[in-house]
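Structural description and commentary
Here is how the chains run, residue by residue.
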Amino acid sequence: MTPATTRRWAWIHKWSSLVCTIFMLLLCLTGLPLIYHHEIGHLLGNDVEAPAMAPGTPKADLDRVIAAGKALYPGKVMMYMSQEADEPNIWNLTMGDHPNDPEYKPIAVDARTAKVLAQPNFEDSFVGVMFHLHVDLYAGLWGKLFLGFMGLLLVIAIVSGVVLYAPFMRKLDFGTVRRDRAPRLKWLDLHNMLGIVTLVWALVVGATGMINTWADLLLKYWQYTEMAEMVAPYKGLPPPTTLASMEQSMSRALAAEPGMKIGFVAFPGTPFTSAHHYGIFMRGNEALTSRLYKPVLVDAQTAQITDRRELPWYLTALLISQPLHFGDYGGAWMQFLWAMLDIATIVVLGSGLYLWLKRGNTARASAQSAPAEEAQELALAGEGASK
């Protein structure tokens, strides 16, 4: 590249990096504990654990499970019920004053005895705070979209950093860190080396994180298109006054989708279904397919299946991006790899910020004492190495 072209790429790299670096550091720092959120929750005593029972203990009738939650809050209505993929012995109920109550009450019920185990408080827990800082900065949809824009700037910074890698490192062996020269050259070499090592991971995590911020918008689009089509025959009908048996509804959904498990159930009036249906979302049995859902709509008054279909491609892409982002579908070794790459990215971001903050007089002094080529590198580092 010509010097002018290099400087243009350096300008793109500098400003895309500078705008997003602080937020990317925040996301990396909050994302690190989220990789181990189950382990941290268990360590802090925030996770609910089902009591040990003999293998093969039969599951309780689902209507009894729901009745246990209603006995605790008789004035509230069911919003959702779900199970974690790795904890089939606990049903997590969500109850509120109305189907969209933001002040909902979470309840954990033993799936075998239908007894209330706990009322977990995720929102105020350490993992809950890290989650909100990582996902929406406690600012809802606008916070998500803002972080999505920061993710886009990160992708631009990575691409421009790759373009600049060749002119910066063309005469050095891979992995070289010049410790006997100007201090900023050492940090520049470290920045470039870790940046290229974490390149693919940073692109995957940055791109999937950006996609995740669109979740609310994609869900609303699905509601106004395919969901509206699925419930169209019920348009204008009054909502049911009594609800059908959940045990019967669930049995029919499982029979209709053999080989799949229950992911979660949305009760009438919630955003994932209509005022007339149970939205029973099935999922697969494998590590990745357990994150992919298939909605089965069951008439909430007759317990008859009215429609079931695959999710559209854009929601499938969203669901696939989530485990790729957090690295929590490949076991302990993948969690460890994600954590190490996260730490390396923190070093990349921190060293880039250091290179920019130490520009100016310090950079000129270092450049005067360095050979001509190194002086040029230091000058360019001040322009663009803050990815």
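What you see is a predicted model; the values in this text were computed from it and never measured.

It is worth spelling out the environment of Trp338 at this point. Following the sequence through the fold, Trp338 ends up in helix α11 (residues 331–357). Looking at Trp338, the relative accessible area reads 10%, which means it is buried. C-alpha separation for the pair Trp338 and Trp201, spaced 137 residues apart in sequence, amounts to 8.4 Å. The contact partners of Trp338, leaving out residues within four places of it in the chain, are Ile35, Trp201, Val205, Leu324, His325, Phe326 and Gly327.

In this sheet, strand β2 (residues 87–96) lies alongside strand β1 (residues 77–84) in antiparallel orientation, the contact comprising 6 bridges. Note that in β2 the partner of Met81 across the bridge is Leu93. What sits between β1 and β2 in their antiparallel hairpin is a turn of 2 residues.

The next thing to look at is the packing of aromatic side chains. Using the criterion set out here, one finds 13 aromatic pairs in the structure. Residues Tyr80 and Phe272 carry aromatic rings whose centres are separated by 6.0 Å and whose planes lie at 80° to one another, so their mutual orientation is edge-to-face. Taken together, the residues span a long stretch of sequence, with Tyr80 in strand β1 and Phe272 in the loop between β5 (261–266) and β6 (277–283) at a distance of 192 residues. Residue Tyr80 is classed as buried on the basis of its relative accessible area of 17%.

Put simply, the chain has an average pLDDT of 84, and 84% of its residues get 70 or more. Averaged pLDDT values for the elements of the chain fall to 47 in helix α12 (residues 361–369) and rise to 96 in helix α3 (residues 62–72). A low-confidence stretch, residues 382–387 (pLDDT under 50), is modelled with 36 contacts involving residues beyond four sequence positions or located in other chains.

Before going further, it helps to examine a negative patch on the surface. A cluster of acidic residues, Asp47, Glu49, Glu84 and Asp86, forms a negative patch at the surface. For Asp47, the position within the fold is in the loop between α2 (37–43) and α3.

Moving on, we come to the side chain of Thr345. Looking at where Thr345 falls in the secondary structure, it is placed in helix α11. With near-sequence residues (within four places) excluded, Thr345 lies in contact with Cys28, Thr198 and Trp201.

What follows is about the nonpolar core. The biggest cluster of nonpolar side chains holds 27 residues, and the ones touching the most others in it are Met81, Trp91, Met246 and Ile280. Elements that contribute at least two residues to this core include exactly α3, β1, β2, β3 (105–110), α9 (246–256), β5, β6 and β7 (293–299). Looking at which element gives the most residues to this core, the answer is α3, with 4 residues. Counting 21 residues, the second largest nonpolar core, distinct from the first, contains Cys20, Leu147, Trp201 and Ala339.

At their nearest, the axes of α3 and α9 sit 7 Å apart, and the two run at 135° to each other. By the angle between their directions, the pair α3 and α9 is classed as oblique. From α3, Leu62, Asp63 and Ile66 reach across to α9, where they touch Met246, Glu247 and Met250. Here the residues of the contact of α3 with α9 are counted per class, giving 4 nonpolar, no polar and 2 charged.

Glancing now at unusual backbone geometry. With a phi angle near 55°, Leu137 is a residue other than glycine that sits in the positive phi range. Here Leu137 is to be found in the loop between α4 (126–135) and α5 (140–169). With relative accessibility at 26%, the residue Leu137 sits in the partly exposed group.

Turning to the sheet that holds strand β8 (residues 305–308), a few remarks are in order. Pairing in this open sheet of 8 strands is antiparallel, and the strands run β4-β3-β2-β1-β5-β6-β7-β8 from one edge to the other. Edge positions in the sheet fall to β4 (116–118) and β8, since each of these pairs with one other strand and no more. Each neighbouring strand pair of the sheet contributes to a mean axis angle of 30°, computed without reference to strand direction. In this fold α3 packs onto β1, β2, β3 and β4, with an angle of close to 45° to the strand it touches most, β2.

As a further point, take the packing of helix α7 (residues 199–212) against helix α10 (residues 313–326). Packing of α7 against α10 leaves a shortest axis separation of 9 Å and a crossing angle of 135°. As judged from the angle between their axes, α7 and α10 are oblique. As α7 runs across α10, the sense of the crossing is left-handed. Residues Val205, Thr208, Gly209, Ile211 and Asn212 of α7 touch α10, and the partners they reach there are Leu318, Ser321, Gln322, Leu324 and His325. Classifying every residue of the contact of α7 with α10 gives 4 nonpolar, 6 polar and no charged.

This brings us to the pattern of salt bridges. Counted according to the given criterion, the structure contains 9 salt bridges. One salt bridge connects Lys76 with Asp97, and the closest N-O pair in it is separated by 2.8 Å. Here Asp97 lies in the loop between β2 and β3 and Lys76 lies in the loop between α3 and β1, a separation of 21 residues in the sequence. A salt bridge links Glu257 to Arg308; the nearest nitrogen and oxygen atoms lie 2.6 Å apart.

So, how was this worked out
- Residues numbered from 1 in each chain as written.
- Predicted model: local features only at pLDDT ≥ 70, side-chain atom pairs only at ≥ 80, totals over all residues.
- Heavy atoms only, no water.
- Helix = DSSP H or I, 4+ residues; strand = E, 2+ residues; numbered from the N terminus.
- Buried < 20%, exposed > 50% of the residue type's maximum accessible area, 1.4 Å probe, protein only.
- Contact = heavy atoms within 4.5 Å.
- Pairing = 2+ DSSP bridges.
- Phe/Tyr/Trp six-rings, centres within 6.5 Å; stacked < 30°, edge-to-face > 60°.
- pLDDT = per-residue confidence, 0-100.
- Patch = residues over 30% accessible without salt bridge, like charges linked within 9 Å, V, L, I, M, F, W, Y side chains within 5 Å.
- Areas by Shrake-Rupley, 256 points an atom, 1.4 Å probe, with all protein chains shown as cover.
- Salt bridge = Lys/Arg side-chain N within 4 Å of Asp/Glu carboxyl O.
- Lys, Arg positive; Asp, Glu negative; His and termini not counted.
- Charge placed at Lys NZ, Arg CZ, Asp CG, Glu CD.
- Core = buried A, V, L, I, M, F, W, Y, C linked by side-chain atoms within 4.5 Å.
- Axes fitted to C-alpha atoms, helices over the stretch in contact; angles between N-to-C directions.
- Parallel < 35°, antiparallel > 145°, perpendicular 65-115°, else oblique.
- Nonpolar A, V, L, I, M, F, W, Y, C, P; charged D, E, K, R; others polar.
- Left-handed = near helix turned anticlockwise from the far one by under 90°.

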